[in-house]
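# Observations on the model geometry
The primary structure of each chain is shown beneath.
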Amino acid sequence: MARIIQADEAVDEAVTLLEGGNLVAIPTETVYGLAADATNGEAVARIFEAKDRPRFNPLIAHVADMAMARQIAVFDDLAEKLTDKFWPGALTLVLPAAQKSQISGLVTAGLKTIAVRMPVGVARLIAARLGKPLAAPSANPSGKLSATTAADVEAGLGDRIPLIVDGGPARIGVESTIMKVEEDSLTLLRPGGVSVEDIEAATGRPVRRLSSGSAVEAPGMLASHYAPDAGLRLNAVEVHDGEALLAFGAIRAAGADRAKAVMNLSPDGNLLEAAANLFSHLHRLDRLGARIIVVEPIPDRGLGAAINDRLSRAAAPRGVPET
Ligand code: TXA
Ligand code: MG
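Below is a summary of the structure that appears in this document. (Residues numbered from 1 in each chain as written. Chains lettered and ligands numbered in written order. Predicted model: local features only at pLDDT ≥ 70, side-chain atom pairs only at ≥ 80, totals over all residues. Heavy atoms only, no water.)

All right, on to the overall build of the protein chain then. A tally of helices and strands in the protein chain yields 11 helices and 15 strands. For 323 residues, the compact-globule estimate of 2.2 N^0.38 gives 20 Å, and the protein chain sits close to it at 20 Å. Counting only C-alpha atoms, the protein chain reaches 60 × 45 × 35 Å along its principal axes. Within the protein chain, the fraction of its 323 residues that count as buried is 54%. At a minimum sequence separation of 6, the contacts of the protein chain that also span at least 24 residues come to 66%. Charge-centre separation for the protein chain: the mean point of 33 positive side chains lies 4 Å from the mean point of 39 negative side chains. (Helix = DSSP H or I, 4+ residues; strand = E, 2+ residues; numbered from the N terminus. Rg over C-alpha atoms; globule rule 2.2 N^0.38 Å. Buried < 20%, exposed > 50% of the residue type's maximum accessible area, 1.4 Å probe, protein only. Contact = heavy atoms within 4.5 Å. Lys, Arg positive; Asp, Glu negative; His and termini not counted. Charge placed at Lys NZ, Arg CZ, Asp CG, Glu CD.)

So this is what it looks like as structure tokens:
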């Protein structure tokens with residue numbers, strides 16, 4: 001059972017837990033979030049473990065102020081206009097990710113864009129006190145409804161997290177609107193707490209809506225964009241000349257000494273650590289220019305299922321839309 005503490009008395013403990021790499025459920029004006037320090041890969045991996053998410057969707061980074069926001073994303077004039085008008089609030093912006101940021105690759109799921117939001121109230125205060133952005137999906141088990149009260153969070157996730165910060169019922173009760181901002185154009189990825197009409201009025205720009213019915217699925221589909229330039233060979237038991245090796249655990253595939261480069265997701269065979277390293281290791285090996293990255297078998301239990309899901313998408317033939 002998680003402890004449930006009133007928001008104004010919970011901040012110190014929440015910050016201490018987050019600093020230790022733990023998860024904390026926090027209230028926001030939209031829905032409750034399941035928060036981790038966005039710069040700590042293993043903490044972010046715990047989110048997927050706690051939610052039983054079968055795959056790595058990218059997460060929203062919740063910031064305390066614009067200085068923090070600018071460390072992780074690039075804001076053009078249009079994005080600035082939206083933040084002036086709607087932040088803090090129920091609007092998430094998908095923006096180019098800043099080149100050098102401390103954000104874990106698991107937050108963006110390897111994408112070059114990042115979803116950023118400045119929430120109202122105690123969530124914002126906790127990010128400020130931590131001094132780091134909070135990665136937080138809605139605080140519900142995968143496939144279940146979002147939670148809008150501390151009791152909802154307790155019912156769904158109470159046995160998996162140490163603390164729920166109770167801010168009362170969420171004021172808005174639906175998730176944030178997700179808007180992609182690129183080169184002066186706006187695309188709605190998910191309708192939510194801020195209306196499209198208000199966004200069009202504030203910016204004087206039309207919002208592109210994805211064809212009806214697709215908007216809700218769209219973020220998840222975009223999430224699957226990232227694939228390395230190199231080809232991937234999974235469940236490899238043998239390495240050939242010139243291939244790069246993505247290793248796991250203590251025992252190497254045959255011919256590993258022939259590999260152009262080796263990076264180990266987790267020498268100890270720890271799936272949490274492996275998840276935290278997945279995207280950064282793939283990027284590193286890809287940048288070395290190997291034609292093929294071979295991947296040692298990864299057990300399909302726990303987070304291993306999400307790791308294998310992502311790897312099989314990255315290995316799939318290119319140019320085929322994913323479902
Ligand atoms: O109101 C909310 O937005 C709540 C509170 C806790 O902030 N959070 C929330 O998170 O609803 P989540 O993880 O349930 O939904 C976030 C959505 C996912 O569909 C994800 O695919 C999308 O945001 N997303 C995140 N990063 C993205 C990116 N770089 N490009 C496109 N979509 C992205
Ligand atoms: Mg959700």
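The discussion continues.
In this section: the side chain of Ser104. Here Ser104 shows up in the loop between β5 (91-96) and α5 (105-108). Relative accessible area serves as the criterion here: at 7%, Ser104 is assigned to the buried category. Beyond its immediate stretch of four places on either side in the chain, Ser104 contacts Ala38, Thr39, Asn40, Gly41 and Val44.

Pairing is parallel across the open sheet formed by four strands, whose spatial order is β12-β15-β13-β14. Of all strands in the sheet, those with a lone pairing partner are β12 (231-233) and β14 (261-264), marking the two edges. With direction set aside, neighbouring strand axes in the sheet form an average angle of 20°. As judged from the four bridges shared by strand β13 (residues 244-247) and β14, these two strands associate in the parallel manner. Bridge pairing in β14 links Leu245 to Val262. Across the sheet, helix α10 (residues 271-287) touches β12, β13, β14 and β15 (292-295), and the angle it forms with β14 is around 175°. (Pairing = 2+ DSSP bridges. Axes fitted to C-alpha atoms, helices over the stretch in contact; angles between N-to-C directions.)

A few words now on the packing of aromatic side chains. Aromatic ring pairs: the centre-centre distance and the angle between the two ring planes describe each pair. Within the structure shown, the criterion is met by three aromatic pairs. With centroids separated by 6.0 Å and ring planes inclined at 80°, the aromatic side chains of Phe75 and Trp87 adopt a geometry described as edge-to-face. Of this pair, Phe75 sits in the loop between α3 (66-72) and α4 (77-86) while Trp87 sits in the loop between α4 and β5, and the two are 12 residues apart along the sequence. Since its relative accessible area comes to 12%, Phe75 is described here as buried. Trp87 sits in the buried class, given a relative accessible area of 9%. Three or more aromatic residues link up through ring pairs in this structure, and these residues are Phe48, Phe56 and Phe279. (Phe/Tyr/Trp six-rings, centres within 6.5 Å; stacked < 30°, edge-to-face > 60°.)

Attention shifts here to α4. Those residues of α4 that fall on the buried side of the exposure criterion are Leu78, Ala79, Glu80, Leu82, Thr83 and Phe86. Buried-residue contacts for α4 involve α3, β5, β9 (177-182), β10 (185-190) and α8 (196-203). Backbone nitrogen of Leu78 and a side-chain oxygen of the N-cap are separated by 3.2 Å at the start of α4; the cap is Asp76. (Polar contact = N/O pair within 3.5 Å; in protein donor to acceptor, adjacent residues only side chain to side chain.)

Read from one edge to the other, the open sheet built from 11 strands follows the order β1-β8-β2-β3-β7-β4-β6-β5-β9-β10-β11, with strand pairing classed as mixed. At either end of the open sheet lies a strand with only one pairing partner, and these are β1 (3-6) and β11 (207-209). The strands touched by helix α1 (residues 7-19) are β1, β2 (24-26), β3 (33-37), β7 (134-135) and β8 (163-166); relative to β1, the strand with the most contacts, the crossing angle is about 130°.

Right, let's get into the site of ligand 1. Among the 24 residues in the neighbourhood of ligand 1, the closest are listed as Thr30, His62, Thr113, Ser176 and Arg190. At 2.6 Å from an oxygen atom of ligand 1 is found a side-chain nitrogen or oxygen belonging to Thr30. Thr113 has a polar side-chain atom sitting 3.0 Å from a nitrogen atom of ligand 1. For the shell around ligand 1, the element with the most residues is strand β6 (residues 113-117), which contributes four residues. Across the shell around ligand 1, the residue classes tally to 13 nonpolar, seven polar and four charged. (Near = heavy atom within 4 Å. Nonpolar A, V, L, I, M, F, W, Y, C, P; charged D, E, K, R; others polar.)

In this section: helix α6 (residues 122-130). Looking only at α6, the buried set comprises Val122, Ala123, Ile126, Ala127 and Leu130. Axial view of α6: buried residues confined to an arc of 145°, hence all on one face. In the segment just after α6, Gly131 is the residue with positive phi, at about 75°. (Arc of directions from axis to C-beta.)

Here the focus is the nonpolar core. Ranked by internal contacts, the top residues of the largest apolar core, which has 101 residues, are Phe56, Trp87, Leu93, Ile126 and Val165. Here the element with the most residues in this core is α10; it accounts for eight residues. The residues contacting Trp87, other than those within four sequence positions of it, are Val63, Met66, Ala69, Phe75, Leu82, Leu93, Val116, Arg117 and Met118. (Core = buried A, V, L, I, M, F, W, Y, C linked by side-chain atoms within 4.5 Å.)

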